[in-house]
Amino acid sequence: MRGKFITIEGVEGSGKTTQIQYIARYLTEKNIPHIITREPGGTALGRKIRELLLNPTYPVVPEAEILLYLADRAQHVGEKIIPHLDKGVWVISDRYFDSTLAYQGYGRGFDLNLLKSFIAFATKGLIPDLTILIDLPPAVGLSRVKSRGEYDRLERETVEFHQRVREGFLQLAKDQRFRVVDGRKNPEEIFLEIKGFLEGLNG
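This structure is a prediction, so every number in the text was calculated from the model and none was measured. (Residues numbered from 1 in each chain as written. Predicted model: local features only at pLDDT ≥ 70, side-chain atom pairs only at ≥ 80, totals over all residues. Heavy atoms only, no water.)

A. Structural view of the packing of aromatic side chains. One pass over the structure, following the stated rule, counts six aromatic pairs. Relative to Tyr96, the ring of Phe5 has its centre 4.9 Å away and its plane inclined at 75°; by these criteria the two rings are edge-to-face. Of this pair, Phe5 sits in strand E1 (residues 5-10) while Tyr96 is found in the loop between strand E3 (90-94) and helix H4 (97-107), placing the two residues 91 residues apart along the sequence. Judged by its relative accessible area of 0%, Tyr96 is buried. Look at Tyr26 and Phe191: their rings are 6.3 Å apart centre to centre, the planes differ by 65°, and that puts the pair in the edge-to-face class. A residue pair is termed long-range when its members are at least 10 positions apart, and Tyr26 in helix H1 (residues 16-29) and Phe191 in helix H8 (residues 187-202) qualify at 165 residues. (Phe/Tyr/Trp six-rings, centres within 6.5 Å; stacked < 30°, edge-to-face > 60°. Helix = DSSP H or I, 4+ residues; strand = E, 2+ residues; numbered from the N terminus. Buried < 20%, exposed > 50% of the residue type's maximum accessible area, 1.4 Å probe, protein only.)

B. Local environment of the packing of helix H2 (residues 44-54) against helix H3 (residues 62-86). Interhelical geometry of H2 versus H3 gives an angle of 160° and a closest axis separation of 9 Å. When the axes of H2 and H3 are compared, the pair comes out roughly antiparallel. The way H2 lies across H3 gives a crossing that is left-handed. Only Glu65, Leu68, Tyr69, Ala71, Asp72 and Gln75 of H3 make contact with H2, whose side of the interface consists of Leu45, Gly46, Ile49, Leu53 and Leu54. A per-class count over the contact of H2 with H3 returns seven nonpolar, two polar and two charged. (Axes fitted to C-alpha atoms, helices over the stretch in contact; angles between N-to-C directions. Parallel < 35°, antiparallel > 145°, perpendicular 65-115°, else oblique. Left-handed = near helix turned anticlockwise from the far one by under 90°. Contact = heavy atoms within 4.5 Å. Nonpolar A, V, L, I, M, F, W, Y, C, P; charged D, E, K, R; others polar.)

C. How the structure looks around the UniProt feature "binding site: ATP" (unreviewed entry) in the chain. Within this numbering scheme, the UniProt entry marks Gly10, Val11, Glu12, Gly13, Ser14, Gly15, Lys16 and Thr17 as carrying the feature "binding site: ATP" (unreviewed entry). Positionally, Gly10 belongs in strand E1. When near neighbours in sequence (up to four residues on either side) are disregarded, Gly10 contacts Lys16, Arg95, Tyr103, Leu133, Ile134 and Phe169. Tracing the chain through its elements places Gly13 in the loop between E1 and H1. (UniProt positions renumbered as here; feature names shortened; annotations may be inferred.)

D. How the structure looks around the pairing of E1. The buried fraction of E1 amounts to six of the six residues, a majority that puts the element mostly inside the structure. What you see with E1 is no split at all: Phe5, Thr7 and Glu9 on one side and Ile6, Ile8 and Gly10 on the other are buried throughout. Where E1 lies against E3, four bridges are found, and the strand directions are parallel. Bridging from a neighbouring strand, Ile6 pairs with Ile92 of E3. Note that E1 and strand E4 (residues 130-135) share five bridges and pair parallel. Bridge assignment links Gly10 to a residue of E4, and that residue is Ile134. (Pairing = 2+ DSSP bridges.)

See below:
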């Protein structure tokens, strides 16, 4: 049986990492084989690309930014995601192509249809079984990020940019594979909702 592919999306500081830890614990308790991965940086090549993308000392023009994310994703899908799904392993990814549509499409203003064609090529058409959007006002998320230390290159973008990203995610979340949770709730409450989504997927 093919594994399930679940992606977690949200603005900076939305609490994705915490919820992924809860999800991993839940799947372990249920004896469901799984891996946790992320974009960018889910492969050895991807980790090098991540350094280039998020390091604020490297200037990256928007077109190059898109192509670097797509290169990371193509490697991720081909090397890691599809092989694990084919073995019956569930794959939980911190970000996937919806982040490209939200950040580079809605945030930077690139044509969504053009991005979707690039994404289809990079992903071999692989679509998640379930996408969980942890929705949060950007100002709240960025204040959380600030408390962790220095901002990376994307986190240094304006609040207006991050607001466009949030609005983009909410537009994308009209797709039936999405489930939206309120990131302002405490982590335990959020996971109770997510657990319900997982049980529905596993049923």
